[in-house]
Amino acid sequence: LCPPTLVDGSAFALQAYDYVIIGSGPGGMTLATRLSEVPSISVAVLEAGDLHVPDQNVTTPGNEINVLLPSRSSIHAGFDSRVVFQPEYDWMRGTIPTSFTAGRSIPAPRGKLVGGSSATNGMAWSRASKEEYAAFDRLNNGTGEWTWDTLLPYWKRVENVEANTTSVPIQNQNTSEGLFGFGGPVNVSLNKVYPDSIPPFLQSIQLMDPPMALNTAPMSGNTFGAWNTFIAVDEETGKRNYPAVSYYCPNANRSNLHVLTGAQATKILFEKNSSGLTATAVDFTSQNATFRVNATKEIILSAGVINTPQILELSGVGNSRLLQSLGIDALLDLPGVGENLQEHFYIGSTWEIHSNITTLDALNDPKILLQQEDIFNSTGGGLLSATSSILGYFSHSMLFDNETVQKLRALFNKSLSKLDPSAFTPLAKAQHEIQREWLANGTVPELEMIQLNQGFVNFERTGNKSYISTNFGIQHTISRGSIHINTTDPFASPAIDARYLTTDYDVQVLVEALRWNRRLAAISPLADIIIEQTGPAPNLNTDEELIKFIRETFTVGSHIIGTAAMAPPELQGVVDTKLKVYGTNNLRIMDISVFPMELATHPQATVFAMSERLADIIKAEIQ
Ligand SMILES: Cc1cc2nc3c(=O)[nH]c(=O)nc-3n(C[C@H](O)[C@H](O)[C@H](O)COP(=O)(O)OP(=O)(O)OC[C@H]3O[C@@H](n4cnc5c(N)ncnc54)[C@H](O)[C@@H]3O)c2cc1C
């Protein structure tokens, strides 16, 4: 049970609030809840979507199963997601099609409901390596404010770990008190159900040359190896845990926390004075009418990596040349707004396996789906409780022979040197130097492997066949994209010029990953359960053939970051280390767009922890 949100925009706009937060994802809702712990301050949240509590489409893990599919009508078949890329729950954004993506618009799903994209995501709960957070710090002049060590107490504050670590495919997983939290709002657990295709897969990866190691402490800052991922799921009920149920519902009755849903912010208003711009109000639409809500202390933009740069630009904050070309009064020239877009691109391999092994493909059979819905609703278990839990992170030398490692290193440098330097921001150039070091030292993961117990690429949807797949994603790409408005209409999607697969290096890493998969499939005991590879087709072998396959079928992690990056002004950063927008007195950004660099991880846990830490920063400033 959850108290309802406010829905009447006119009543909401009559009041002024100390803090007005735009967006209720892990960035916005975590902050709103923590700030409203101080009874003397009032906090208002504007959320464009609705409150979906209760809603089985959201809370049943299996309903999200196909997050990785590029398009529901593409060559990929599968068990359609009930939330991702569904207009009731999603902003339905997509990239500009290019020849690099074989003419496809690549979906950029984003949750549009209380809880944001954490309500529609794959639930994986992980942290990146210490060295990657150190890059956050390095890019911000080494102030020591945003590191793995400064985030650890906040991860622990968010988490309520309740994982059963005994009947799992990788034993002895570390859940020690030094690393985890046990009293926080977000329930973190491990899968309860593991298809029988997992043990042969795990055995064969350890027989590869070089062998894949298993990692039983992947949350310790060393993420190398394969592991069984934690998930943001309630162990007892098997249901997704996300900011609506973890942060909003238990605190919804606070008299100083006001959450208005169905309310889309369209513009932030500023007053100009000698110390810079002061954000004073937000324009928003609710039930087809337009309103303005005043903020007396601060406005915090938490609209996510796509809509945050859009709202900044609509409000006159961004690259002044772009704003002027659209007739927008440029209040602040911040050329980094909307730039530095980074994402993880993945390529899938699928094999049909013997049908006596039950995989998640069984859910394609409507009768089995109904049975599993009953099982899930009565026990919180069954196939619908299972996520793709076996994953891992690797440097090139952990997967490939020395010749390939050297080839990829050389290609990184060659690809960079071929590019027009003016196409990159100073921040991107600084990131590339860090990436060059990481490649040379092999100390940071370059690829993620996700194992899926279902068909994923070119498989038939018969319901009586079983498949196993892997999905390999490049973690630190050379390419950088952008998100900018091309109209002053706040209801139009901004243009997402993602530039995926525009450099030879980014593509070749995925080619090598496909070849690694071919080698894996020949190793018993995995080889013994495989009938045939269904994607990529066995006759695709040359680089050229595999690159065509990659462009036609690659998917993304939905881990876009960086479009309002935390970085110094000389690198064209947008926010400082207190997440305040340069040139403003009181506009902050708290969402994933502030990540200064892509992390080799599933990012939601870091967004929650950063928001928890920002709440402490703001509370300290109030006193
Ligand atoms: C399909 C998918 C799968 C993913 N899988 C995983 C995973 O398994 N593990 C993981 O760690 N991460 C995953 N992620 C990423 C993770 O969910 C996001 O990184 C995280 O939710 C980002 O949080 P945020 O607060 O920055 O933004 P969001 O969660 O996107 O929240 C932004 C909120 O702002 C609202 N909003 C936007 N514009 C406006 C406006 N103009 N007015 C009012 N409200 C507005 C939105 O409706 C939304 O509620 C996935 C993401 C997606 C989309």
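Quick caveat, the model's predicted, so the values are computed rather than measured.

(A) Representation of the pairing of strand E17 (residues 466-474) in the model. Here E17 lies mainly inside the structure; nine of its nine residues are buried. Covered by surrounding structure in E17 are Ser466, Ile468, Thr470, Phe472 and Ile474 together with Tyr467, Ser469, Asn471 and Gly473, the residues of both alternating faces. Taken together, the nine bridges between strand E14 (residues 345-353) and E17 define a ladder with antiparallel strand orientation. In the strand pairing of E17, isoleucine 353 is matched with serine 466. As judged from the six bridges shared by strand E16 (residues 447-452) and E17, these two strands associate in the antiparallel manner.

(B) Here's a closer look at the site of the ligand. Around the ligand, the structure places 41 residues, and the nearest of them are Glu47, Ser117, Ala265, Ile592 and Gln604. Within the complex, the protein chains bury 98% of what would otherwise be the 1,000 Å² of accessible surface of the ligand. If you list the elements that add at least two residues to the shell around the ligand, you get helix H2 (26-35), strand E2 (43-47), strand E9 (263-273), helix H8 (304-314) and helix H16 (604-622). Here the shell around the ligand is composed, by residue class, of 18 nonpolar, 19 polar and four charged.

(C) Here's a closer look at the side chain of serine 395. Examined against the element boundaries, serine 395 turns out to sit in the loop between strand E15 (390-394) and helix H11 (402-418). When neighbours within four sequence positions are excluded, serine 395 is seen to be in contact with Phe224, Gly442, Val444, Pro445 and Glu446.

(D) Structural detail: the environment of glycine 23. With respect to the helices and strands, the residue glycine 23 is situated in the loop between strand E1 (16-22) and H2. Residues glycine 23 and valine 45, spaced 22 residues apart in sequence, show a C-alpha to C-alpha distance of 6.6 Å. Not counting chain neighbours up to four residues away, the residues in contact with glycine 23 comprise Gly28, Met29, Val45, Leu46, Glu47 and Ser302.

(E) Fine view of the packing of aromatic side chains. A complete count under the given rule lists 16 aromatic pairs for this structure. Both rings, one in tryptophan 148 and one in tryptophan 155, keep their centres 5.9 Å apart while their planes meet at 55 degrees; by these two values the pair is tilted. An identical accessibility class is assigned to tryptophan 148 and tryptophan 155; each is buried. Ring geometry for phenylalanine 472 versus tryptophan 516: centroids 5.2 Å apart, planes at 55 degrees, classification tilted. Highlighted residues: phenylalanine 472 in strand E17 and tryptophan 516 in helix H13 (residues 504-521), separated in sequence by 44 residues. A residue is classified by how much of its surface remains accessible, and tryptophan 516, at 1% relative accessible area, is buried.

(F) Main features of the state of the cysteines. Evaluated as defined, the whole model comprises one disulfide. The disulfide partner of cysteine 2 is cysteine 249, and the S-S distance across this bridge is 2.2 Å. The sign of the -95 degrees torsion about the S-S bond sets the cysteine 2-cysteine 249 disulfide as left-handed. On the criterion of sequence distance, the pair formed by cysteine 2 in the segment before helix H1 (9-13) and cysteine 249 in the loop between helix H7 (243-248) and strand E8 (257-261) is long-range, its members being 247 residues apart. We note that cysteine 2, like cysteine 249, is buried.

(G) Layout of the packing of H11 against helix H12 (residues 426-441). Orientation of H11 relative to H12, taken along the N-to-C sense of each, is 165 degrees, at an axis distance of 10 Å. What the angle tells us is that H11 and H12 run roughly antiparallel. Of the two possible hands of crossing, H11 and H12 adopt the one that is left-handed. In this structure, H11 contributes Arg409, Phe412, Asn413 and Leu416 to the contact, and H12 contributes His432, Gln435, Arg436, Leu439 and Ala440. Among the residues making up the contact of H11 with H12, the classes are represented as four nonpolar, three polar and two charged.

Quick notes on the rules
- Residues numbered from 1 in each chain as written.
- Predicted model: local features only at pLDDT ≥ 70, side-chain atom pairs only at ≥ 80, totals over all residues.
- Heavy atoms only, no water.
- Buried < 20%, exposed > 50% of the residue type's maximum accessible area, 1.4 Å probe, protein only.
- Helix = DSSP H or I, 4+ residues; strand = E, 2+ residues; numbered from the N terminus.
- Pairing = 2+ DSSP bridges.
- Near = heavy atom within 4 Å.
- Areas by Shrake-Rupley, 256 points an atom, 1.4 Å probe, with all protein chains shown as cover.
- Nonpolar A, V, L, I, M, F, W, Y, C, P; charged D, E, K, R; others polar.
- Contact = heavy atoms within 4.5 Å.
- Phe/Tyr/Trp six-rings, centres within 6.5 Å; stacked < 30°, edge-to-face > 60°.
- Disulfide = S-S within 2.5 Å.
- Axes fitted to C-alpha atoms, helices over the stretch in contact; angles between N-to-C directions.
- Parallel < 35°, antiparallel > 145°, perpendicular 65-115°, else oblique.
- Left-handed = near helix turned anticlockwise from the far one by under 90°.

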